[in-house]
Amino acid sequence: MGTKVKIGIIGGSGLSKPDILKGGEEKEVNTPFGKPSDALICGEIEGVPCVLLSRHGRGHTIMPTNVNFRANIWAMKELGCTHLLVTTACGSLQEGMHPGDIVVIDQFIDRTQKRIQTFFDGAPLSPLGICHMSMADPFCSRTSKMLYESGKNLGLSIRETGTMLTIEGPRFSSRAESKLFNSWGAHCINMTTVPEVILAKEVGLCYAALALVTDYDSWREGEEGVNVENVMKIFKQNSSNALKVLLDVIPKIAKEDWTKTLEDYKNAVTMNTLLPHSY
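Bear in mind that the values here come from a model prediction, so they are computed numbers and not experimental data.

This brings us to unusual backbone geometry. Here the residue pair glycine 169 and proline 170 is connected by a cis peptide bond, since its omega of 0° sits within 30 degrees of zero. Relative to the elements of secondary structure, proline 170 occurs in the loop between strand 10 (163-167) and helix 3 (175-184). In this chain, valine 194 is followed by proline 195 through a cis amide linkage whose omega measures 15°. Relative to the elements of secondary structure, proline 195 occurs in helix 4 (residues 193-202). The phi dihedral of glutamate 46 falls on the positive side, at around 50°, and the residue is not glycine. Here glutamate 46 lies in the loop between strand 3 (40-45) and strand 4 (48-54).

Core analysis: the largest hydrophobic core is formed by 40 residues, its most contacted members being Ile10, Leu40, Ile73, Met76, Leu84, Phe119 and Tyr207. Put simply, the parts of the chain that give this core at least two residues each are strand 4, helix 1 (69-78), strand 5 (83-92), helix 4 and strand 12 (206-215). Per element, the largest residue contribution to this core is five residues, and it comes from helix 4. In this structure, isoleucine 10 is in contact with Leu53, Arg55, Ile73, Met76, Leu84, Leu85, Val86, Thr87 and Glu196, ignoring residues within four places of it in sequence. In terms of nonpolar packing, the next biggest core, distinct from the first, is built from 33 residues, Leu85, Leu147, Ala242 and Trp258 among them.

What follows is about the pairing of strand 1 (residues 7-11). Regular strands place their side chains on alternate faces of the sheet. Most of strand 1 sits inside the fold, with five of its five residues counted as buried. Taking every second residue as pointing to the same face, both faces of strand 1 are buried, with Ile7, Ile9 and Gly11 on one and Gly8 and Ile10 on the other.

If you walk through the whole model with that rule in mind, you get six aromatic pairs. Here phenylalanine 33 and tryptophan 74 contribute two aromatic rings whose centre-to-centre distance is 5.2 Å and whose plane-to-plane angle is 65°, an arrangement assigned as edge-to-face. In this pair, phenylalanine 33 sits in the loop between strand 2 (22-27) and strand 3 while tryptophan 74 sits in helix 1, placing the two residues 41 residues apart along the sequence. Judged by centre distance (5.5 Å) and plane angle (50°), the ring pair of phenylalanine 181 and tryptophan 184 falls under tilted. Of this pair, phenylalanine 181 and tryptophan 184 both sit in helix 3, three residues apart, which is roughly one turn of that helix. The exposure class assigned to tryptophan 184 is partly exposed, which follows from its relative accessible area of 40%. The positively charged end of arginine 142 is found above the aromatic ring belonging to tryptophan 258, 3.7 Å away from the centroid. Sitting over the ring of tyrosine 216, arginine 220 keeps its end group 3.8 Å from the ring centre.

The end-to-end C-alpha distance of helix 5 (residues 228-255) is 39 Å, a good match for the 40 Å that 28 residues give at a rise of 1.5 Å each. If you look at helix 5, its biggest bend is around 30°, right at lysine 236. Within the span of helix 5, buried status applies to Val231, Phe235, Asn238, Ser239, Asn241, Ala242, Val245, Leu246, Val249, Ile250, Pro251 and Ile253.

All right, on to the UniProt feature "binding site: phosphate" (unreviewed entry) in the protein then. Annotation from UniProt places "binding site: phosphate" (unreviewed entry) at Ser13, Arg55, His56, Thr88, Ala89 and Thr192. Looking at where threonine 192 falls in the secondary structure, it is placed in the loop between strand 11 (188-190) and helix 4. Residues within four places of threonine 192 in sequence aside, it is in contact with Arg55, His56, Phe69, Thr88, Arg115 and Thr166. A polar side-chain atom of threonine 192 sits 3.3 Å from a polar atom in the side chain of threonine 88.

What follows deals with the packing of helix 2 (residues 141-153) against helix 5. Contact pair helix 2 / helix 5: the axes reach a minimum separation of 9 Å and the direction vectors enclose 130°. Classified by the angle between their axes, helix 2 and helix 5 sit oblique to one another. In this structure, the crossing between helix 2 and helix 5 has a hand that is right-handed. In this structure, helix 2 contributes Thr143, Met146, Leu147, Ser150, Gly151 and Asn153 to the contact, and helix 5 contributes Val245, Leu246, Asp248, Val249, Lys252 and Ile253.

Here is what the cut-offs are and how they apply
- Residues numbered from 1 in each chain as written.
- Predicted model: local features only at pLDDT ≥ 70, side-chain atom pairs only at ≥ 80, totals over all residues.
- Heavy atoms only, no water.
- Helix = DSSP H or I, 4+ residues; strand = E, 2+ residues; numbered from the N terminus.
- Core = buried A, V, L, I, M, F, W, Y, C linked by side-chain atoms within 4.5 Å.
- Buried < 20%, exposed > 50% of the residue type's maximum accessible area, 1.4 Å probe, protein only.
- Contact = heavy atoms within 4.5 Å.
- Phe/Tyr/Trp six-rings, centres within 6.5 Å; stacked < 30°, edge-to-face > 60°.
- Lys NZ or Arg CZ within 6 Å of the ring centre and 35° of its normal.
- Expected span 1.5 Å × (residues − 1).
- Bend = angle between axes of the 7 residues up to and from the residue.
- UniProt positions renumbered as here; feature names shortened; annotations may be inferred.
- Polar contact = N/O pair within 3.5 Å; in protein donor to acceptor, adjacent residues only side chain to side chain.
- Axes fitted to C-alpha atoms, helices over the stretch in contact; angles between N-to-C directions.
- Parallel < 35°, antiparallel > 145°, perpendicular 65-115°, else oblique.
- Left-handed = near helix turned anticlockwise from the far one by under 90°.

Below, the structure written as structure tokens:
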């Protein structure tokens, strides 16, 4: 019998309502890195145990820089999650990706400035050693493929791959920055993928993300730059599609055997962690 699957869901606005889980119960969790963004909601989707967390807190009260990413990921791992399925609003940086599209991200470019990106920081309660985790393939390709197939089967406008550029925020990009990011070939821009995906990899979780395109950022000539009002209008429409994907894919994930995948991720953490030597 394979490893029992438990799905963590980290959502932004519109995907943090506890009523998507059957029998949802709030659980307050403390971690060595402080408290998560909000109480975690434990329940089920189609009989599959799930844990739901609002990345920015219910009511969207935490700006991107102040999200306690380490506490969020650690809490999910502590509650026994094997997978993390996340949603994130994003802007498009390329003509081929339009507001309303969903992108299954497979790469990132980090333009954040103020975020701790590791659990292995030498603090008394942190894991021992220094982890030089490979980020060649940051996302779980197996889980990502299942997200894409679900979206495709549901008839949604969904892209199989894409590179996410993460900025610090909370401000949006200047036109000059946006044009630069466009020239780099990044597909989408947001404020939360880094360090979330890195930390998930450090604790061996199968992490996959649905990026919900809401705007064209500011690189397009002759077009209004991104603003909150337009973002939220499109995001509400798009988040309902993302929810359809999650409800469809979660039972499918639970039916598969993830023992080897999870073992590989666990071994990758061990292999890439340098422990202190005693001489």
